Amino acid sequence: MDALLFPARRLAAAVLLLALALPAAAGARPQIVDAGASGRAHVDEPLELTVVARAATGVRVSFPDLRGGFAESGCRLQRGGGVRAAWKRPARFAVPYRPGFAGAHLLEVAVTAGCGRRPIGPARVSVPLDVAEHASDPPAAGVSASPDRCGRAGERALLCLLAAERLRAGLPPLRADARLRAVALAQARAMRRGGFVGHAAPGLPGLAARLRLAGLAAAGAAENVTAASGGVAAARSIVGAWMRSDPLRDSVLDPRLVRVGAGVARGVGGPVPRPGATVSVVFAPAG
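Remember, it's a predicted structure, so these values are computed and weren't measured experimentally.

A. Region of the structure containing the sheet that holds strand β3 (residues 47-54). With antiparallel pairing, three strands are arranged side by side in an open sheet as β1-β3-β6. Looking at which strands have only one partner, the edges of the open sheet turn out to be β1 (31-37) and β6 (91-97). On average, each strand axis in the sheet is tilted by 20° relative to the strand beside it, whichever way the strands run. Summarising the sheet, β3 and β6 pair through seven bridges and their orientation is antiparallel. Opposite Thr 50, over in β6, you have Ala 94 as the bridge partner.

Below you can see the structure in the form of structure tokens.
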């Protein structure tokens, strides 16, 4: 009898050690490692807030000057159809911010994980920021705004900017897909109507179910979602943040994802609806 129990005990110990060795496995609660902005902040000049978090797939930052906020989340589905676990190493997120007044600002940061109806988290932190009046020196050469060949807003602008990022990385171009666009647009409208940013909401299907309902395969698909207001809702600001946010950049630059659909709903929902943009972009492998 003891001879039979000994291997069982060894197996149980091995399972426990494996669990302890996977701190960011699926179901782990997200943790904020660091959050802050580099350089000096000035009124009406864009800056970037960097958030580093473990086991996180999305971030939300509320701005203090009643101008709204910025939220983004990335969802990846495995080839087998299940949801990909959160990153096992700390993920970096970039959030654009354009201060509207001088003085002390307090940005409220929250990170979450998961693609389902009940995201894990949030973990929260407040980030103080001292904002000065307008900079006395003009912007350096090459920094000032220039005409944007992709446009400032809308689905075409998003797809144009994503195509440019893929081209820059030497990846196959994305092919617009009407059914993926319908899935993305329905989610963008649902997020604006419900005042949330994510891949599902109570009573609504998640990404995999939404794709299947549209007659599409879910395996290997991905979705990036964002709600932006407060002067950072331009397509370039949104895609720029994605390209500096690990979970969302991974989807944009995945060579296996070659089909895309983008949906944009005007405005951002919530207790106080605001002008801005609510966005979903769905990526899928060749079908």
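B. Geometry of the sheet that holds strand β4 (residues 58-62). Taken in spatial order, the nine strands line up as β2-β8-β7-β4-β5-β10-β12-β11-β9 in an open sheet, and their pairing is mixed. Edge positions in the sheet fall to β2 (41-42) and β9 (175-176), since each has one partner strand and no second. One ladder, built from two bridges, connects β9 with strand β11 (residues 257-268); its direction is parallel. Each residue of the ladder has a partner; that of Ala 176, found in β11, is Val 260. Sitting on the sheet, helix α3 (residues 178-194) is in contact with β9, β10 (222-228), β11 and β12 (274-285), with an inclination near 30° to β11.

C. Broad picture of the packing of helix α2 (residues 154-168) against helix α5 (residues 235-243). It is the contact of α2 with α5, at a shortest axis distance of 9 Å, that shows an interaxial angle of 40°. Relative to α5, the crossing made by α2 is right-handed. Within the contact between the two elements, α2 uses Ala 157, Leu 158, Leu 161, Leu 162 and Glu 165 and α5 uses Ala 235, Arg 236, Ile 238, Val 239, Trp 242 and Met 243. Its residues assigned to classes, the contact of α2 with α5 comprises nine nonpolar, no polar and two charged.

D. Structural detail: the side chain of Glu 223. With respect to the element layout, Glu 223 can be found in strand β10. There is a polar contact of 2.8 Å between the side chain of Glu 223 and the side chain of His 199. A polar contact of 2.7 Å, which involves the side chain of Glu 223, links it to the side chain of Arg 210. Other than its neighbours up to four places away in sequence, Glu 223 contacts Ser 73, Gly 74, Cys 75, Gln 187, His 199, Leu 207, Arg 210, Ser 280, Val 281 and Val 282.

E. Seen up close, unusual backbone geometry. Gly 121 connects to Pro 122 through a cis peptide bond whose omega is 5°. Positionally, Pro 122 belongs in strand β8 (residues 120-132). Phi is positive for Asp 44, close to 60°, though the residue is something other than glycine. Its location among the elements puts Asp 44 in the loop between β2 and β3. Classification of Asp 44 as partly exposed rests on a relative accessible area of 37%. Positive phi, close to 55°, is recorded for Ala 55, a residue that is not glycine.

Conventions used here
Residues numbered from 1 in each chain as written. Predicted model: local features only at pLDDT ≥ 70, side-chain atom pairs only at ≥ 80, totals over all residues. Heavy atoms only, no water. Pairing = 2+ DSSP bridges. Helix = DSSP H or I, 4+ residues; strand = E, 2+ residues; numbered from the N terminus. Axes fitted to C-alpha atoms, helices over the stretch in contact; angles between N-to-C directions. Contact = heavy atoms within 4.5 Å. Left-handed = near helix turned anticlockwise from the far one by under 90°. Nonpolar A, V, L, I, M, F, W, Y, C, P; charged D, E, K, R; others polar. Polar contact = N/O pair within 3.5 Å; in protein donor to acceptor, adjacent residues only side chain to side chain. Buried < 20%, exposed > 50% of the residue type's maximum accessible area, 1.4 Å probe, protein only.

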